[in-house]
Amino acid sequence: MDRVQSGDKLKQHFLGWQCRIRQIAMRKDGGRPSSGMRPKLLLNDGRELAAGISIVIVPEEPSESTEFFRFQAQKTHDPRQIYEKGLTYLQATHFQNARSFSGRLTALFNKGASIPAALLDTGHCILEFKQFSQSYKLTCRVEELMNDDPSAQATIWHNRLFNPSLPAELLVLGFLPDWTKSSANPAP
């Protein structure tokens, strides 16, 4: 099997796993991020930048979910109501089809924080995901997403479901895995 085919197989395996653990988190843990949704963040030389960062998986076409999240966050000032409506949406069919996700991963940071500055300085990182008996080591290119980028909007409004009082000054980073240089244990 060539590297491109094995890379696509790894991508689909990872996204399927992410969808399964996110379904569990939404349905059984009230949306609280599990360990598999919070990878260890390493620089390419192996230095650890963070023991865990919350990652969002972004749909290929994020506009529908982004609009729903935005509407819920803006229609009321009651954080409990925003959370409950968003959780109901995420518990339903959002994570049902792994192929509807792009493979682009995102994370939200406060502007001026040291971690995103270090990531943008190097432009690359490794994300290590582990949960149950599965682990993934993804070699990623890192980029800053402009606020009008659909993936950035999806990330911001997704996070506002769980924390409506996020500050206005936010930074969204995109993580683009090189699936041919990444690995899984056990392998797909």
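For the structure itself, look to the data block above.
Report on the accompanying structure. Model, not experiment: these values are computed from the prediction. (Residues numbered from 1 in each chain as written. Predicted model: local features only at pLDDT ≥ 70, side-chain atom pairs only at ≥ 80, totals over all residues. Heavy atoms only, no water.)

1. Section: the nonpolar core
So, point 1. Ranked by size, the top nonpolar core spans 42 residues in total, and within it Phe 14, Ile 53, Leu 105, Leu 127, Phe 129 and Phe 175 carry the most contacts.
So, point 2. Contributions of two or more residues to this core are made by helix H1 (3-28), helix H2 (63-75), helix H3 (79-94), strand S4 (101-110), strand S5 (124-131), strand S6 (134-145), helix H5 (150-162) and strand S7 (170-177).
So, point 3. Those residues in contact with Leu 105 that lie beyond four places of it in its chain are Phe 14, Ile 55, Val 56, Ile 57, Leu 127, Phe 129, Leu 138, Leu 173, Gly 174, Phe 175 and Pro 177. (Core = buried A, V, L, I, M, F, W, Y, C linked by side-chain atoms within 4.5 Å. Buried < 20%, exposed > 50% of the residue type's maximum accessible area, 1.4 Å probe, protein only. Helix = DSSP H or I, 4+ residues; strand = E, 2+ residues; numbered from the N terminus. Contact = heavy atoms within 4.5 Å.)

2. With respect to H3
So, point 1. Spanning 16 residues, H3 covers 21 Å between terminal C-alpha atoms, matching the ideal 22 Å at 1.5 Å per step.
So, point 2. Those residues of H3 that sit buried are Ile 82, Tyr 83, Gly 86, Leu 87, Tyr 89, Leu 90 and His 94. The buried residues of H3 occupy an angular sector of 160 degrees when the element is viewed end-on, so they sit on one face. Looking at H3, the residues exposed on the side facing more than 90 degrees away from the buried face are Thr 88 and Thr 93.
So, point 3. Sitting at the head of H3, Asp 78 places a side-chain oxygen 3.0 Å from the backbone nitrogen of Arg 80. (Expected span 1.5 Å × (residues − 1). Arc of directions from axis to C-beta. Polar contact = N/O pair within 3.5 Å; in protein donor to acceptor, adjacent residues only side chain to side chain.)

3. Let's talk about the side chain of Ser 65
So, point 1. Looking at where Ser 65 falls in the secondary structure, it is placed in helix H2.
So, point 2. A relative accessible area of 6% means that Ser 65 is categorised as buried.
So, point 3. Ser 65 has contacts with Pro 59, Tyr 89 and His 94, leaving out every residue within four places of it along the chain.

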